[in-house]
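Understanding the architecture of this molecule
If you want the building blocks of each chain, they are given just below.
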Amino acid sequence: MAAPTIVPLEQFEQTFGSLIELSSNALGGVIESVSDEFFADAECLLRVPPSVSLKGQFGPKGALFDGWETRRHNPDHDWVIVKLGALGSVVGVDIDTGCFSGNESPASEVWGANVPAGETIAADSVEWKQLLPRSPLGPASRHLFLLSEASAPVTHLKLTMHPDGGIGRFRAYGTVLPTPSTSTDAVDLAYVLAGATVVGESDQHFGRGGNLILPGRGKDMGDGWETKRSRGRLGTGGGDWVVIKLAEPGHLEWADLDTAHFVGNFPESAQLFAINSQEKLPSQDADWVPLMPRTKMGPHRHHYFQLSSPATPFTHVRLSIYPDGGVKRVRIYGRSAVQFPSYSALVPTPSPEKGLLSTIAAKAAAVVDAATTSSSPTLVPKIPAVPLTADAFSTYGSVIQSYEDHRSARKDLVIKQVNFGTAHKFNHLAPVTWVQPAANATVKPEVNFCVFQCDQQNGVKGANGKEAWEVKVLERHEFSSQAFVPMGGGGGRYLVLVALADAAGKPDLSTLRAFMAAHSQGISYHPNVYHHPIIALDAPTDFACVVNETGVASIDCEIVEFGKTVAVVEEV
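These remarks concern the structure in this document. (Residues numbered from 1 in each chain as written. Predicted model: local features only at pLDDT ≥ 70, side-chain atom pairs only at ≥ 80, totals over all residues. Heavy atoms only, no water.)

**Regarding the packing of aromatic side chains**
Counted only if it meets this: Aromatic pairs are defined between Phe, Tyr and Trp rings, using the six-membered ring for Trp, whenever the two ring centres lie within 6.5 Å; interplanar angles under 30 degrees are classed as stacked, those over 60 as edge-to-face, and all others as tilted. By definition, any uninterrupted DSSP run of H or I lasting at least four residues is a helix, any uninterrupted run of E lasting at least two residues is a strand, and each is numbered from the N terminus. Here's how the labels work: a residue is buried when its accessible area is under 20% of the maximum for its type, exposed when over 50%, partly exposed in between, all with a 1.4 Å probe on protein chains only.
Scanning all chains against the criterion turns up 14 aromatic pairs. Geometrically, the ring pair formed by Phe12 and Phe16 is tilted, given 5.7 Å between the ring centres and 45 degrees between the ring planes. On the criterion of helical spacing, the pair formed by Phe12 and Phe16 is a turn pair, its members being four residues apart in helix 1 (residues 12-16). Its relative accessible area of 10% is what places Phe12 among the buried residues. Residue Phe16 is classed as buried on the basis of its relative accessible area of 1%. Seen in terms of ring centroids, Phe65 and Phe100 are 4.6 Å apart; in terms of plane orientation they differ by 15 degrees. Their pairing is stacked.

Printed below as a string of structure tokens:
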């Protein structure tokens, strides 16, 4: 076996920065067995934060240490077996003796094995293959070793101490070797266990970019991506970024930007871009395609977004945050472009918000359900009606609602306790806006506070049991916002369908989005946003409406009738 390369600490990022920490407990790494852990538990080896000093603290067995420490006077050696979080190929290791000085392990070896699922391996098994020969260690320091060659696929590692002592942290770096998937379901293409990697970031002062693609939602801010505070950047358009190389090229449909645990230090806003590139890390000035416009973020919550350009396969995604801050996880849901070369043959994936991704099969859309295409002889886009959230709707307008958990509200939302402490007031949820027409400088609007009494309009059920609605008409109030708030005594859900105007002022059908609103939510359209008339579901429903009107029909409301079905909205 060729000798490993000892890597200076200052070269860690360029050597190991884009690799996966296969042994981390954040990835699912666990201690399977250990020869001895009399003074300090071996599970400490796999923790995400660095080993910390517990100097001056004592327990029943002696001084406390944040690491793995065994008894003295071992005549042979101690060992610990680590089951990795995923099948992988190990490229290098970091053996950190943490705060052990005078009781550190004098030397260590690393061995690897590929153990069949459901089985275990003994410390003296002949299946172990040496990855790192016995190497000397020093006190209270990190020891970075780049292996002479990447290992064969392994599921378990054995770390030894010769003869005994203490180690603070053990980190094995390499690449995940995912099992090829034949599923037709949409999957998270930015997931580490699927083979995705973080290949670059502008800054990771408080938390590594690689944390974004880990499993679960973590335990605190320490296992998310967090950049240092910028000074003077707010409002300048500058921000931080991170680039994820997807597990495979894919058709990208949904994103989940999760700010869990980031309550006072989440980004002010975020934006998503994608590119199809053969480069490991495409340059920032490459031909990145916008997937999600710059959108305000909130604290400690999921942010679900439907992405544009799903028909184009992409290899990388770039998350840009403004001006700085922290994000816990990034999920990019889509279908493999290798498995599904043509996106037009797929049914759009519904929002991951309700956990439906695992149950929605990708299926051919060669024939649109007859129940929803009676007047549409050709194929039309299918738009999933996703749950209404303030973040997803922000491009088109505002959501009017209260928040049981006040931390989930927008950062700029002023919430006051009123009525002698018996109520909370959520202020300025939606602006009442008027834009003076340039061609009619003298016309004056009047606020019309009115009520819409809407009939029940449940959709036609298809063979899959889901309701669907044909889109044949849209309208806009070019110069005024328009708000709708369901009133007591009405129905339950209602359907909101919106689209932006193109440069010519016509509906841009590529921006068509549908939202399923609850009876506890109101909405307000921005001026110049096209929308379908409110569709009340389940029962006739009264809506309070606030809009500016002049009495001039051509100014107050523009209606576009397409004369055919231009899209089909589907329940999810």
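**Focus: the state of the cysteines**
Put simply, the test is: We call a pair of cysteine sulfur atoms a disulfide whenever their separation is within 2.5 Å.
Applying the stated criterion across every chain yields a total of zero disulfides. Here Cys450 is not cross-linked by a disulfide; its sulfur's nearest cysteine counterpart is in Cys545, at 4.0 Å. What makes Cys450 buried here is its relative accessible area of 18%. Distance from the sulfur of Cys454, which forms no disulfide, to the nearest cysteine sulfur (Cys545) is 9.4 Å.

**A few points about the environment of Val176**
Secondary-structure assignment places Val176 in strand 13 (residues 169-176). On the basis of relative accessibility, which here comes to 11%, the residue Val176 falls in the buried class. For the pair Val176 and Asp78, spaced 98 residues apart in sequence, the C-alpha separation works out to 28 Å.

**Points about the pattern of salt bridges**
Operational definition: Salt bridges are identified by distance alone: a Lys or Arg side-chain nitrogen within 4 Å of an Asp or Glu carboxyl oxygen.
The tally for this structure, following the rule as stated, stands at 24 salt bridges. Ionic pairing is found between Asp188 and Arg331, a salt bridge with its closest N-O pair at 3.6 Å. A residue pair is termed long-range when its members are at least 10 positions apart, and Asp188 in strand 14 (residues 187-188) and Arg331 in strand 23 (residues 329-336) qualify at 143 residues. No difference in accessibility class separates Asp188 from Arg331, as the two residues are buried. With a shortest N-O distance of 3.7 Å, Arg493 and Glu467 are connected by a salt bridge. Residue Arg493 is located in the loop between strand 32 (482-486) and strand 33 (494-499), and its partner Glu467 is located in strand 30 (residues 467-471); the two are separated by 26 residues in the primary sequence. Relative accessible area serves as the criterion here: at 24%, Arg493 is assigned to the partly exposed category. A cluster of three or more residues bridged by salt bridges with shared partners is formed by Glu43, Arg47, Asp66 and Arg169.

**A closer look at the nonpolar core**
This is how the line gets drawn: The nonpolar core is taken to be a set of buried Ala, Val, Leu, Ile, Met, Phe, Trp, Tyr and Cys residues, with the residues joined through side-chain atoms within 4.5 Å.
Counting 61 residues, the largest nonpolar core has Ile95, Phe170, Leu252, Leu272 and Leu319 as the members making the most contacts within it. Broken down by element, the residue count for this core peaks at seven residues, all from strand 7 (residues 78-96). Val399, Val498, Ala517 and Val529 belong to the second largest nonpolar core, which has 30 residues in total.

**Points about unusual backbone geometry**
The general pattern is negative phi for most residues beyond glycine and trans for most peptide bonds. Cis rather than trans, the peptide bond between His162 and Pro163 has omega equal to 0 degrees. Turning to its location among the elements, Pro163 is positioned in the loop between strand 11 (154-161) and strand 12 (166-167). Between Tyr322 and the following residue, Pro323, the backbone shows a cis peptide bond with an omega angle of -15 degrees. Along the chain, Pro323 turns up in the loop between strand 21 (313-322) and strand 22 (326-327). Not every positive phi belongs to a glycine, and Phe420 is a case in point at roughly 60 degrees. By secondary structure assignment, the location of Phe420 is in the loop between strand 26 (415-418) and strand 27 (423-426). Given the relative accessible area of 89%, Phe420 is considered exposed. Positive phi is not limited to glycine here, since Asp538 has a value of about 75 degrees. Turning to its location among the elements, Asp538 is positioned in the loop between strand 37 (535-536) and strand 38 (541-549).

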